Amino acid sequence: MAHLPAFEQLAKEEGITDDICLKFGETFDAAMTEEAWSRLKSSYDNMRRNHGADNEIVRQCRVIEDAASAEGFTQMKNAIAAIVHPAGQVWPYKFVQALLRILLEAGNLNLQAHTPAQQISERDTDGWITVTTDRGSIRAKAVIHSTNAFASHLLPEFEKLIVPERCTLAAVNAPAGFIKHTGAQHWDASVNVGDQL
C-alpha cells in the first residue's frame, strides 16, 4: 500500500514524473465465482481491519456487490462482484534510466557498461563476494544477477531451469480512452490478469 505514494514522492522530488510516464488511476479485481468473491471480500475486510477505514488507500477502494454493476464497470461478462482500488503505471526502463542518470550526474555511481562478469565467487568468511571482469575484480556484499536467460553462465545450477528462447514482442499504441481500466478476473484457484476494453 505504501508503494504508490512512495513512487509519487520520489518522482516529484527528483523531477522525473514525465520522464518515466508515471500515471495513477484505478484497477479492479472481478470475482467470477462465489468462492472467488468470498476470498476477495475477506481480503478487503482484513485490509480495512488491519489498516483502518481512514487509511488513505483504504478510502480509495470501492466494493461493487451488485452483479449488474460489477459487470458494467469491469466489462467482464458474468462478473458477480468487484473491488476497485488505486493503481499506478510506470515505464520501468525509463524509471531505472532516470535514477541512473541522477546518480551518475551526482558522482555517486561508477557504471561500467559492456563489462561482462566472468566469474562470481562464493561469499568469503567476511561476507564479501568477488566479481571478476575483464577490467578487474570488485568486491561487494550483494550481487544482483540480471542476465535473464543466460544466468547459467555464472550460475550453473540454473542451466536446466532458465533457458533462452526466441520470442516475439509487439507494441501497439491504443488510441486515447481505448482501454477503460486494467484488472484481473478471479475464478476459484486462479487469477487471469490483463487489460480490458
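Because the structure is a prediction, the values reported are computed rather than measured.

What counts and how
Residues numbered from 1 in each chain as written. Predicted model: local features only at pLDDT ≥ 70, side-chain atom pairs only at ≥ 80, totals over all residues. Heavy atoms only, no water. Helix = DSSP H or I, 4+ residues; strand = E, 2+ residues; numbered from the N terminus. Buried < 20%, exposed > 50% of the residue type's maximum accessible area, 1.4 Å probe, protein only. Lys, Arg positive; Asp, Glu negative; His and termini not counted. Salt bridge = Lys/Arg side-chain N within 4 Å of Asp/Glu carboxyl O. Polar contact = N/O pair within 3.5 Å; in protein donor to acceptor, adjacent residues only side chain to side chain. Contact = heavy atoms within 4.5 Å. UniProt positions renumbered as here; feature names shortened; annotations may be inferred. pLDDT = per-residue confidence, 0-100. Pairing = 2+ DSSP bridges. Axes fitted to C-alpha atoms, helices over the stretch in contact; angles between N-to-C directions.

(A) Inspection of the side chain of Asp-29 at higher detail. The residue Asp-29 is located in strand β1 (residues 23-31) in this model. Here Asp-29 occupies a buried position and makes no salt bridge, while the nearest side chain of opposite charge, Arg-39, is found at 8.9 Å. Engagement of the side chain of Asp-29 in a polar contact is seen with the side chain of His-186, the distance being 2.6 Å. If near-sequence neighbours (up to four positions away) are discounted, Asp-29 is found in contact with Leu-40, Ala-81, Ala-82, Ile-83, His-85, Ala-184 and His-186.

(B) Up close: the UniProt feature "domain: FAD dependent oxidoreductase" (unreviewed entry) in the chain. UniProt annotation of "domain: FAD dependent oxidoreductase" (unreviewed entry) refers to residues 6-175 when read in the numbering used here. Note that residues 6-175 is 32% helix and 21% strand, and that its end C-alpha atoms are spaced 29 Å apart.

(C) Summary view of the confidence of the model for the chain. Looking at the chain as a whole, the pLDDT averages 88, with 93% of positions reaching at least 70. Across the chain, the element-wise mean pLDDT spans from 52 in strand β8 (residues 191-196) up to 96 in strand β2 (residues 62-64).

(D) Highlighting the sheet that holds strand β6 (residues 136-140). Strand order in the open sheet formed by 3 strands is β4-β5-β6, with antiparallel pairing between adjacent strands. Two strands close off the open sheet at either side, each with one partner strand: β4 (117-120) and β6. Geometrically, the sheet is characterised by an average inter-axis angle of 25 degrees between neighbouring strands, direction not taken into account. Here β4 pairs with strand β5 (residues 129-133) via 3 bridges, running antiparallel. Residue pairing in the sheet places Gln-119 in a bridge with Thr-132 of β5.

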